[in-house]
Amino acid sequence: ALSMFGTTVGLYGIPWCKKSLLLTILMSVIGASMGILDTGGNVLALNTWGAEAGPHMQALHFSFAVGAFVAPILAKMALGGSESKDFPIAEKTNHSVPRSVLTASAASATSALKHHLGADFLWSYVVIGTYLLLVSFFFFILYSKGSSARDKSKASLQKCMFAKYHYVLIFLLFIMFFCYVGAEITYGSYIFTYAKPFAEMKENEAAALNSVFWGAFAACRGVAIFCAACLYPGTMILLSIVGSAVSSLCLAFFTRYPASLWVGTAVYGASMATIFPSSISWIEQYTVVQGKSASLFVIGAALGEMCIPAVVGYLQGRFHRVPVVMYTALVTSALTVVLFPLMYKLANVPGESDSKEMSESEDRKALLSNSGLNEDEE
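So, how was this worked out
Residues numbered from 1 in each chain as written. Predicted model: local features only at pLDDT ≥ 70, side-chain atom pairs only at ≥ 80, totals over all residues. Heavy atoms only, no water. Helix = DSSP H or I, 4+ residues; strand = E, 2+ residues; numbered from the N terminus. Buried < 20%, exposed > 50% of the residue type's maximum accessible area, 1.4 Å probe, protein only. Contact = heavy atoms within 4.5 Å. Areas by Shrake-Rupley, 256 points an atom, 1.4 Å probe, with all protein chains shown as cover. UniProt positions renumbered as here; feature names shortened; annotations may be inferred. Expected span 1.5 Å × (residues − 1). pLDDT = per-residue confidence, 0-100. Phe/Tyr/Trp six-rings, centres within 6.5 Å; stacked < 30°, edge-to-face > 60°.

Draft legend 1. Summary view of the overall build of the protein chain. Helix and strand content of the protein chain: 15 helices and 0 strands. Counting over 378 residues, the protein chain shows a buried share of 35%. Restricting the contact set of the protein chain to residue pairs at least 6 apart, pairs at least 24 apart contribute 79%. A total of about 22,300 Å² of accessible surface is found on the protein chain, and carbon and sulfur atoms cover 68% of it.

Draft legend 2. The UniProt feature "transmembrane region" (unreviewed entry) in the protein chain, seen in detail. Per the UniProt record, the feature "transmembrane region" (unreviewed entry) sits at residues 20–47, 59–79, 122–144, 165–192, 237–255, 261–282, 294–312 and 324–344. As a span, residues 294–312 carries 100% helix and 0% strand, and end to end its C-alpha atoms are 27 Å apart.

Draft legend 3. Main features of helix α13 (residues 291–318). The end-to-end C-alpha separation of α13 is 41 Å, in line with the 40 Å expected for 28 residues at 1.5 Å each. Buried residues belonging to α13 abut α2 (20–49), α8 (166–198), α12 (275–284) and α14 (324–347).

Draft legend 4. Spotlight on the confidence of the model for the protein chain. Overall, the prediction assigns the protein chain a mean pLDDT of 77, with 75% of residues at 70 or greater. Here helix α5 (residues 88–91) is the element of the protein chain with the lowest mean pLDDT, 38, and helix α1 (residues 2–13) is the one with the highest, 91. Here residues 81–110 is a poorly scored stretch, pLDDT under 50, and it has 15 contacts once near neighbours within four places are set aside; other chains count. Predicted confidence is poor over residues 355–359, with pLDDT under 50, and the contacts of this stretch with residues over four places away or in other chains come to 0 contacts.

Draft legend 5. Inspection of the packing of aromatic side chains at higher detail. Applying the stated criterion to the full structure yields 11 aromatic pairs. Pairing Tyr180 with Phe276 gives two aromatic rings, centres 6.4 Å apart and planes at 35°, and the pair type is tilted. Here the residue Tyr180 occupies a position in helix α8, and Phe276 occupies one in helix α12, the gap between them amounting to 96 residues. Each member of the pair, Tyr180 as well as Phe276, is classed as buried.

Draft legend 6. Molecular detail of the side chain of Thr8. Tracing the backbone through its elements, the reader meets Thr8 in helix α1. The class of Thr8 is buried, set by a relative accessible area of 2%. With near-sequence residues (within four places) excluded, Thr8 lies in contact with Gly129, Leu132 and Leu133.

What follows is the structure, encoded as structure tokens:
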């Protein structure tokens, strides 16, 4: 509720900003609020549904994918045609027209464009901010009426036991999210730029390739909602990392072939879709995921989203003939292939509490057998 309220404040204030410092502060408020939402939303889903949180986690992250896929399309629809309407003079210049007339006409067209776009963006921010304010209000109502549920969740959380290698698992999952989210954002950001020089695609074909990646990503997250009801999270992670490894291998070595690029992009986007929510559902089966652990997951994802695209952009600028984007996808996929079996092995190591319970049950069985009583009689 607080994170959505903070986002609402930032959205209401951004259209009225006249100073870059104030805009930076409001954008920082929105970024911090979204970080809280990422952490709190995952933990809230785990605390609410527990062992049955798999489909709900997939639905939560499916909403992220739908927003990422639909928002640029809606923005282009809202802004489409503005330049052609408001810049006829700038596009159809005539050398016989005096420079002063051109300058005045361009200035008036620019002011008209700013006024038109300002009105559109103002209403966009107001509508989205109002919607988030309503959602924040409903969350505050749920919070005020959920004290007994919070007490029950705290009591059940105290009964849960941590895995033997709890902190090692959290750290490895931190690294895995760093690689996964970094590779996802890198590929989605640079595939358009990559497709034109390396695959010699036209601009509309490169844009369609970008849409294929995000469309497959969103569609697979939608399908994963139903798959999570009948598949274990570990199974979904295994299918995802195998698909990403195979597709990134094809993209790295057979990207010159158009069919390989199209199919590999679609499979890579679909394979990347379920790793994040499935990993959180999977780790919750073996150890307790509290707010601190979930925040580390989000921090790892945010660092990967910030660092890996920057490094890839720098390297791609220095080595123009090397497909750095595809090699990055291959390396990160190989790391996830190594990390998940290691985490699975560590997660299944019996902890001290498990060994104590096993010894107590064996002692109890021995006492019952010595006394000649079965469990029902006892």
